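# Secondary and tertiary structure notes
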Amino acid sequence: MTERYCVLLCPIIVISGACLLGCSSDESTNQPATATTPRNAAASSNDSDAADNGLLVDITDRLGITPPKGDWPDGDYMTPEITPGGVAVLDFDGDGRLDLYQVNHCAAGSFTAPAPNRLFRQKEDGTFEEVPDAAGLNDRGYGHGVAVGDIDNDGDPDVLVTNYGPNALYINEGGRYVNHTAEAGIEGDQWSSSAGFLDYDRDGDLDLYIVNFAVFDPDRRCVVGDDPNDLDYCGPHLFDGLVDTLYRNNGDGTFTDVTEQANIVLPGRGWGLACGDVTGDGWCDVYVANDEEPAQLWVNQQDGTFEEEAVFRGCAYNMAGRVEAGMGVAIADVDGDQRMDLFKTHLGGETNTLYLSDGSDELYSDETARSTMGSVDRPYTGWGCGFVDFDHDGLLDMAVANGRVSKGVPQPSSQLSPFWSRFAEPNLLFKGEPGGRFVNISDQAGRFGSEPLSSRGMAFADLDNDGDLDLAVQQLDNELRVYRNDAPQPGAHWLIVRAMTGQRDAYGARVIATAGDRKWVRLAHPASSYLASNDPRAHFGLGSEESVDQLIIEWPSGRRETFAVPGVDRVITVKEGEGQPVDG
């Protein structure tokens, strides 16, 4: 069924920043509606992975990841409650195992009901345990997204949480987090969505880009058709978009807002972003998906400023020259031409869009039709997304998390309540083929591709250290689902490369592997998908190749080095300055 946005019922009422409330213990106003979705109803399908034998296996319950306490109420048709939440993978305690961080939001119908974020530590046996108070990361804002990065170059990951309301920066102090938002100079009180750390000025420390959405009016109500009692969620076109925010890292634990100075001046209703060298000049750019507005490609001018060039480069509109309701973003070299390609998820009724560079650093073309994904994904509303070589055949595949934003037909097979089942959709999995084409294999993806849910943020990481990338998907009702990747076949080899500069991951490094007559380029950066922070390491499926002949790292600093690869089917760490210089 095609999604549609609803018409305005009430007039616009201007509100102040005071309306952007966090999820606190004060529930004197905006009480949530009557709860109708028992948590155990949704969780019962995860009692064992035995019944889920697809390529992606739901192992949430087996891992010890429990849903929040209490039932999830019906919605109150307030737009912020239909768009969260986020998820991140990080090794917060430095034990070498990836942990999971879940960004939550107030219960539907409320802006004040407490819903602190949750942190799950991975234990030695591969299961998880919840960390009390999330080790200080139990942010009580109306959570949306998350960015992870080592802002002080001390070797442990710090965390930025985006909210409907003030954002929060947490510094990792030996596995315990301390809120340094005010001290660091992070300001603002608006509706933020995704965020990413990046070294845009090549000074050796991580700066911060925050995507902002719109000015929301809680007194605005929208209806379906002419029935004033048939409420639904308002579309984004009814809200004024905001300018994103760029913070420069001062190198002393503080940041300076350089948004205007850097020429980030055009507003947009932004959701997802990807950070990376899109134009091939070695400097980090930023691509932002905007909702019912042209996408933005902020191209680094190498002097501390950016120019918006999405229209010029062919990745602002779809092939028909129309704006789309952009949500999530993926970035990767899809067709093997050593150039970064782009992908955006959209509202139901629009296809998700694949932009291929076709070997050019200058221009993109909409190759959605060639990909063959559009005919499959058009009915669905996509959010989190990512290009991942799930089966290690050397070709990138695509996973998309789905869930409606306007009322549809109730899904009888959904474990959600009657209210929320009208917003539920199954996720999608596509297998990559040569030339940027894809085949729908969602029916082989277990519950990931068959169970109707309201999925939003999706992160990719090798959680179980077996060499393939697994999925963590945040649900609209603050539940987290984890899917183990069982797609690789015997004899399919792999390599994971952790590129480091100093004590931290080298965000934005391009990692180039050559084996025989095959060459792959992967981007080492966690900021992509939707409201998520992924495993920052570069992952390669090698197919039948049993060795890697050459590994080149193009560092964010501009340096190029080659490193020896001692073998495949392993994780290797390479450090800037320790390789052999490469000319050109």
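Residues numbered from 1 in each chain as written. Predicted model: local features only at pLDDT ≥ 70, side-chain atom pairs only at ≥ 80, totals over all residues. Heavy atoms only, no water.

### Some points on the overall build of the chain
Along the chain, the regular secondary structure elements total 8 helices and 42 strands. A compact globule built from 584 residues would reach a C-alpha radius of gyration of about 25 Å, and the chain, at 22 Å, matches this within 12%. Oriented by its inertia axes, the alpha-carbon framework of the chain measures out at about 65 × 55 × 50 Å. Buried residues in the chain amount to 62% of all 584 residues. A sequence separation of at least 24 residues applies to 62% of the contacts in the chain between residues at least 6 apart. (Helix = DSSP H or I, 4+ residues; strand = E, 2+ residues; numbered from the N terminus. Rg over C-alpha atoms; globule rule 2.2 N^0.38 Å. Buried < 20%, exposed > 50% of the residue type's maximum accessible area, 1.4 Å probe, protein only. Contact = heavy atoms within 4.5 Å.)

### A closer look at the UniProt feature "domain: ASPIC/UnbV" (unreviewed entry) in the chain
Per the UniProt record, "domain: ASPIC/UnbV" (unreviewed entry) is annotated on residues 506–572. Measuring from the first to the last C-alpha atom of residues 506–572 gives 14 Å, for a span that is 0% helix and 51% strand. (UniProt positions renumbered as here; feature names shortened; annotations may be inferred.)

### Some details on the packing of aromatic side chains
By the definition in use, this model includes 25 aromatic pairs. Aromatic pair Tyr164 and Trp191: ring centres 5.5 Å apart, planes at 85°, arrangement edge-to-face. Of this pair, Tyr164 sits in strand E10 (residues 158–172) while Trp191 sits in strand E12 (residues 190–198), and the two are 27 residues apart along the sequence. Of the two residues, Tyr164 and Trp191, neither departs from the other in class, the shared state being buried. A network of ring pairs unites the aromatic residues Phe111, Tyr142, Tyr164, Trp191, Phe213, Phe216, Phe239, Trp271, Trp383 and Tyr530 as a single cluster. (Phe/Tyr/Trp six-rings, centres within 6.5 Å; stacked < 30°, edge-to-face > 60°.)

### Focus on the pairing of strand E18 (residues 270–276)
The buried fraction of E18 is high, at 7 of 7 residues. Inspection of the sheet shows E18 paired to strand E19 (residues 285–290) by 5 bridges, in the antiparallel sense. Within E19, the position partnered with Gly276 by the bridge is Asp285. (Pairing = 2+ DSSP bridges.)

### What about the sheet that holds strand E31 (residues 470–475)?
Backbone-to-backbone hydrogen bonds pair the strands of a sheet. The strands run either parallel or antiparallel. Spatial strand order, E3-E32-E31-E30: 4 strands in an open sheet with antiparallel pairing. Because the sheet does not close on itself, it has two edges, and the strands there are strand E3 (56–58) and strand E30 (455–461). Averaged over all adjacent pairs, the angle separating strand axes in this sheet is 25°, with direction ignored. Across 5 bridges, the pairing between E30 and E31 is antiparallel. Within the sheet, the bridge partner assigned to Ser455 lies in E31 and is Gln475. (Axes fitted to C-alpha atoms, helices over the stretch in contact; angles between N-to-C directions.)

### A few points about the state of the cysteines
One pass over the structure, following the stated rule, counts 1 disulfide. Residue Cys275 stays outside any disulfide, its sulfur separated by 5.3 Å from that of Cys284, the closest cysteine. The class for Cys275 is buried, based on a relative accessible area of 0%. In this structure Cys315 is a free cysteine whose sulfur lies 14 Å from that of Cys275, the closest cysteine sulfur available. (Disulfide = S-S within 2.5 Å.)

### Examining the domain arrangement of the chain
We note that the domain assignment places domain 1 (56–501) and domain 2 (504–581) within the chain. Between domain 1 and domain 2, the C-alpha centre-to-centre distance is 22 Å. Listed per partner, the contact involves 71 residues of domain 1 and 52 residues of domain 2. Interface area, domain 1 with domain 2, both sides summed: about 5000 Å², of which 54% is carbon and sulfur. Of the charged contacts in the structure, one is a salt bridge between Asp505 and Arg498, with a shortest N-O distance of 2.9 Å. The interface formed by domain 1 and domain 2 holds 39 residue pairs in polar contact (both at pLDDT 80 or more) in total. Listing elements by their share of the side of domain 1 that touches domain 2, those giving two or more residues are strand E5 (87–90), strand E9 (143–149), E12, E18, strand E22 (329–332), strand E26 (382–388), E30 and strand E33 (493–501). Among the elements that take part in the side of domain 1 that touches domain 2, E33 stands out by supplying 9 residues, more than any other. Classifying every residue of the side of domain 1 that touches domain 2 by side-chain character gives 35 nonpolar, 24 polar and 12 charged. (Domains from an automatic or database assignment. Buried area = accessible area lost by both parts, 1.4 Å probe. Salt bridge = Lys/Arg side-chain N within 4 Å of Asp/Glu carboxyl O. Polar contact = N/O pair within 3.5 Å; in protein donor to acceptor, adjacent residues only side chain to side chain. Nonpolar A, V, L, I, M, F, W, Y, C, P; charged D, E, K, R; others polar.)

### Brief notes about the side chain of Glu425
Note on placement: Glu425 falls in the loop between helix H7 (418–421) and strand E28 (428–433). An unpaired buried charge is present at Glu425: no salt bridge exists, and Arg404, the closest side chain of opposite charge, is 4.3 Å distant. In this structure the side chain of Glu425 is engaged in a polar contact, spanning 3.3 Å, whose partner is the backbone nitrogen of Gly403. If sequence neighbours within four positions are ignored, Glu425 has contacts with Pro379, Tyr380, Thr381, Asn402, Gly403, Arg404, Glu451, Pro452 and Leu453. (Lys, Arg positive; Asp, Glu negative; His and termini not counted.)

### Concerning the pairing of strand E35 (residues 509–515)
Side-chain positions along a regular strand alternate between the two faces of the sheet. Among the 7 residues that make up E35, 7 are buried, leaving the element largely enclosed by the rest of the structure. Every second residue of E35 is oriented toward a common face, with Ala509, Val511, Ala513 and Ala515 on one face and Arg510, Ile512 and Thr514 on the other, all of them buried. The loop that links E35 with its antiparallel partner strand E36 (residues 518–524) comprises 2 residues; one of these, Gly516, has a positive phi angle of about 60°.

### A word on the nonpolar core
Counting residues in each nonpolar core, the largest one holds 35 residues, and the members touching the most others are Ile82, Phe216, Tyr233 and Trp420. The next biggest cluster of nonpolar side chains, apart from the first, holds 32 residues, and it includes Ala147, Val161, Ala184 and Leu206. (Core = buried A, V, L, I, M, F, W, Y, C linked by side-chain atoms within 4.5 Å.)

### Observations regarding the pattern of salt bridges
A pair can form between side chains of opposite charge whenever their charged atoms are brought close. All chains considered together, the criterion is met by 17 salt bridges. A salt bridge links Asp95 to Arg97, with the nearest nitrogen and oxygen atoms 2.9 Å apart. Two residues, Glu309 and Arg313, come together in a salt bridge whose shortest N-O distance is 2.7 Å. Exposure class is identical for Glu309 and Arg313. Each is buried. Through salt bridges with shared partners, a single network forms among Asp58, Glu451 and Arg481.

### Topic: unusual backbone geometry
Here the bond from Pro84 into Gly85 is cis, since omega is 10°, no more than 30 degrees from zero. Relative to the elements of secondary structure, Gly85 occurs in the loop between strand E4 (72–73) and E5. Even without being a glycine, Arg202 presents a positive backbone phi close to 60°. Residue position: Arg202 is located in the loop between E12 and strand E13 (207–212). Positive phi, normally seen in glycine, also occurs at Thr372, with a value near 70°. Of note, Thr372 is situated in the loop between helix H5 (368–371) and helix H6 (374–377). Classification of Thr372 by relative accessible area gives partly exposed; the value is 38%.

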